[in-house]
Structure formats: structure tokens, C-alpha cells
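Spelled out, the chains give:
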Amino acid sequence: MDESFELPEDIEEKNEKAKLIAEQFERVRKEVAKLIVGQDSIIERLLIALLSDGHVLLEGLPGLGKTMMISTLARVIGCNFKRVQFTPDLLPADIIGTKVYNQKTLSFETKIGPIFTNILLADEINRAPPKTQAALLEGMQERQVTISGDTLRLPEPFFVLATQNPIELEGTYPLPEAQVDRFLLKVMVSYPSREEEIAIMDRIAANYNPELEKILESKEIVCFQRFVKDVYMDEKIKKYIADIIFASRRPEEFELKDLKPLVEYGASPRASISLALASKAKAVLEGRGYVIPDDVKALAFDVLRHRLILSYEAEAEEIKVDDVISRIIEAIEPP
């Protein structure tokens, strides 16, 4: 770390705790790799979001193994897992639950929905109508749901992985910007390499079914999440994050005048919080009890790509949001 940073007195203690957690999660990665080929970066992002107590919006084409990836991860970290296929006729009650009348007891009973789990895969979230999307997103934000007047807490940890198909847009309901903002990260899933494709065929087409060891318990995840918030972040790092966010709102103040007509709306304050938390989680995964600028730079794209709204001019010029983020990162001098 840069000598200009002032480290707290308990930094060695934080480093030791971070190293222990990093060792545990390295075991998790290796265990997941027994079944999942490649996708190391995606798995790292999932672990970062899990440690940050946030959620992930995953965008990728069908058949890239998203369901298998998250179900395998859930088995290895000792968490309950449920999957919901979002469709146009899906109702809020299908997500959170409802009251049903019991003829034997002559009373109404609460039947909880699939949202009451540790890890929920919301497959093709943009295929469900806005009312159903809102029911899920409310639970994501508040960590509780209300069923006919009864407020019920969701289990801990609670992690939502929502997927979107970027090519089939007919019959979909795009998530409003205010709701997309509730996802900690937006991660893009790409095709595997040729070598990875062959390895996938060898495993899936050959009845490959390895024994997966459970590395963690759900209670341990909650303890790790609490520690992440205690990871040290220097004031200069905080200023660096703030500069990145403000450059998305007022690019002209950071010698990025050409970006002003391209960005309709910059990132919200939730982006600052998300980037800070995700950077702390990445530091922990690397065995550090403190954040460095490279942690911030590594996660800036995942945190910002769903929070910047580009103008019609940018769309007309076929400028992508990642191009804008790249310019901002290049322009802001790290501490």
C-alpha cells in the first residue's frame, strides 16, 4: 500500500482476519471449479456481492451455465437455494407468498413463497410484469416482506442473482432505473474459450458428477459480511471513489467535456456506497484488511454500468456505457 496512507493501529489484526476469510473462500472457489469450467471472474463477482450483502444482475445469453453456477455455489457455502422462472403471468404472491384458508382450522394461514431462502435465482427477471418485479425488489432492499398485513423477515444471508437475456426483448418489461440501482453489481457473461468449451463437453456429456464438499455454513457468511464493513478505507480512497462518481455527473469539472452530451444522468449516491463495499469485499478476498485503488478500479465497471443513463446522442453514435466508464477511470488520478 502507498506509504502516504495512514494505517490504523489494528491493521495487523484486520489483515489476519482477512487472510483467514480469503483462505476459506479460496477453498470455495476450488470446490466450485470441480463442476464449473472457467467463469473465474464471474464467480469472484458473486463472492464479492455475497460478502458485501448485495445482489447481482447477470446479463448473458441462454445456455451459459448461470443456474448451475449459482446452485453449485449455494451447495458449497451451505446456503439454501431456490430458482424462480419469471414469466408474464407471474404474480407477486408467487414470489413472496400469500394467505390461504385452512378448512380444518377455519382460519387463514401464511404460505411463504420462494423468496424465503438464502440464495434466490430470479431467472429472466425482465419477463415478469412491473408489479411482480417490485415485490422482489422490495424484499431485496428491505430484507422483509409483508403478506396481508404480516411483516416477515427474510433469512440471513439473503442474496438475489437476477438474470437478463440481452437479445430477446419482445414481451419483456425492462427494469426501471430506480429498481436496477438496487443491484450492487451488473455482471456480463460471455462465451467460454475453445478449451473451456471442450472441458464443458467432457464433464456434462460424460455424466461427470463430482462430490462437492460443503466448505462454509450460512452463519459464517453473516459474520464475514459484518467484518467486510470494518475493513479499513483511507480518506484518499474515499475521495477517489467520490471523484469517479462525480465525474459521471459533472464530467466537465474533470476535463471530460466531451462526455457531458453523452451522459443523461450520472450515478446515484448508492453507487458510492456500492463501490466502497464491493472494494472492501475484494480486499478481503485478496487477504487484506485495507482497500487499495486497484480494488476500486477493478469493480468500477460492474458497479456503474447499470447506473449511468446515456443520452440519445450516445446511442446514435453507438457509444457503450463501458466506453464512458473507461474514459472516467482513465481521467481520474488514483491516490
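See the structure printed just above.
Heads up: these notes are all about the structure in this document. (Residues numbered from 1 in each chain as written. Predicted model: local features only at pLDDT ≥ 70, side-chain atom pairs only at ≥ 80, totals over all residues. Heavy atoms only, no water.)

### Observations concerning the packing of aromatic side chains
Logical step 1: For the structure on display, the rule yields two aromatic pairs.
Logical step 2: A cation over an aromatic ring shows up here: Arg 249 above the ring of Phe 246, its NZ or CZ 4.9 Å from the ring centre.
Logical step 3: Above the plane of the ring of Tyr 290 lies Arg 288, whose end atom (NZ or CZ) is 5.8 Å from the centre. (Phe/Tyr/Trp six-rings, centres within 6.5 Å; stacked < 30°, edge-to-face > 60°. Lys NZ or Arg CZ within 6 Å of the ring centre and 35° of its normal.)

### Let's talk about the layout of surface pockets
Left-over empty space is what a probe sized like a water molecule reveals as it rolls over the atoms.
Logical step 1: One number sums up the size of the largest pocket: a volume of about 940 Å³.
Logical step 2: For the largest pocket, the lining is made up of 26 residues, of which Glu 59, Lys 186, Arg 305, Leu 308 and Val 321 are closest to its centre.
Logical step 3: For the lining of the largest pocket, the elements supplying multiple residues, two or more each, are strand S1 (56-59), helix H6 (177-180), strand S9 (185-188), strand S11 (309-310), helix H12 (312-316) and helix H13 (321-331).
Logical step 4: When the residues that make up the lining of the largest pocket are grouped by side-chain class, the tally is 14 nonpolar, four polar and eight charged. (1 Å grid on protein atoms, 1.4 Å probe; cavity = no way out; pocket = protein on both sides within 12 Å on 5 of 7 lines; lining within 4 Å. Points joined across faces, edges and corners; volume = space filled by probe spheres on them. Helix = DSSP H or I, 4+ residues; strand = E, 2+ residues; numbered from the N terminus. Nonpolar A, V, L, I, M, F, W, Y, C, P; charged D, E, K, R; others polar.)

### Some thoughts on the nonpolar core
Logical step 1: Among the nonpolar cores identified, the biggest contains 73 residues, and Phe 25, Val 28, Val 56, Ile 77 and Phe 159 are the most heavily contacted of them.
Logical step 2: Sequence-distant contacts of Phe 159, that is, excluding residues within four places in its chain, are made with Leu 46, Ala 49, Leu 50, Gly 54, His 55, Val 56, Ile 70, Asn 118, Ile 119 and Leu 120.
Logical step 3: In this structure, Ala 128, Phe 158, Ala 162 and Phe 183 belong to the second largest nonpolar core, which totals 25 residues. (Core = buried A, V, L, I, M, F, W, Y, C linked by side-chain atoms within 4.5 Å. Buried < 20%, exposed > 50% of the residue type's maximum accessible area, 1.4 Å probe, protein only. Contact = heavy atoms within 4.5 Å.)

### So, H13
Count 3.6 residues to each turn of an α-helix, and residues three or four apart come out pointing the same way.
Logical step 1: Those residues of H13 that fall on the buried side of the exposure criterion are Val 321, Val 324, Ile 325, Ile 328 and Ile 329. When H13 is viewed along its axis, its buried side chains cluster within an angular range of 135° and face the same direction.
Logical step 2: In the core, the buried residues of H13 are packed alongside helix H9 (235-249), strand S10 (263-265), helix H11 (293-304) and S11. (Arc of directions from axis to C-beta.)

### Here's the deal with the pairing of strand S3 (residues 97-102)
Logical step 1: Bridge count for S3 against strand S4 (residues 107-112) is six bridges, and the pairing is antiparallel. Bridge pairing in S4 places Gly 97 opposite Ile 112.
Logical step 2: Linking two consecutive strands that pair antiparallel, namely S3 and S4, is a turn of four residues; a positive phi of about 55° is found at Leu 106 within it. (Pairing = 2+ DSSP bridges.)

### Structural notes on the pattern of salt bridges
Logical step 1: Counted under the stated rule, the structure contains 24 salt bridges.
Logical step 2: The partner of Arg 45 in a salt bridge is Glu 44, with the nearest N and O atoms 2.7 Å apart.
Logical step 3: Glu 44 gets classed as buried once you look at its relative accessible area, which sits at 13%.
Logical step 4: Taken together, the salt bridges that share partners define one network made up of Glu 44, Arg 45, Lys 282, Glu 286, Arg 288, Asp 295, Asp 302, Arg 305 and Asp 322. (Salt bridge = Lys/Arg side-chain N within 4 Å of Asp/Glu carboxyl O.)

### Brief notes about the pairing of S1
Logical step 1: The side-chain alternation of S1 yields two buried faces, one formed by Val 56 and Leu 58 and the other by Leu 57 and Glu 59.
Logical step 2: With four bridges connecting them, S1 and strand S8 (residues 159-164) associate as parallel partners. Looking at the pairing, Glu 59 lines up with Gln 164 of S8.
Logical step 3: Sheet topology note: the S1/S9 ladder contains four bridges and is parallel.

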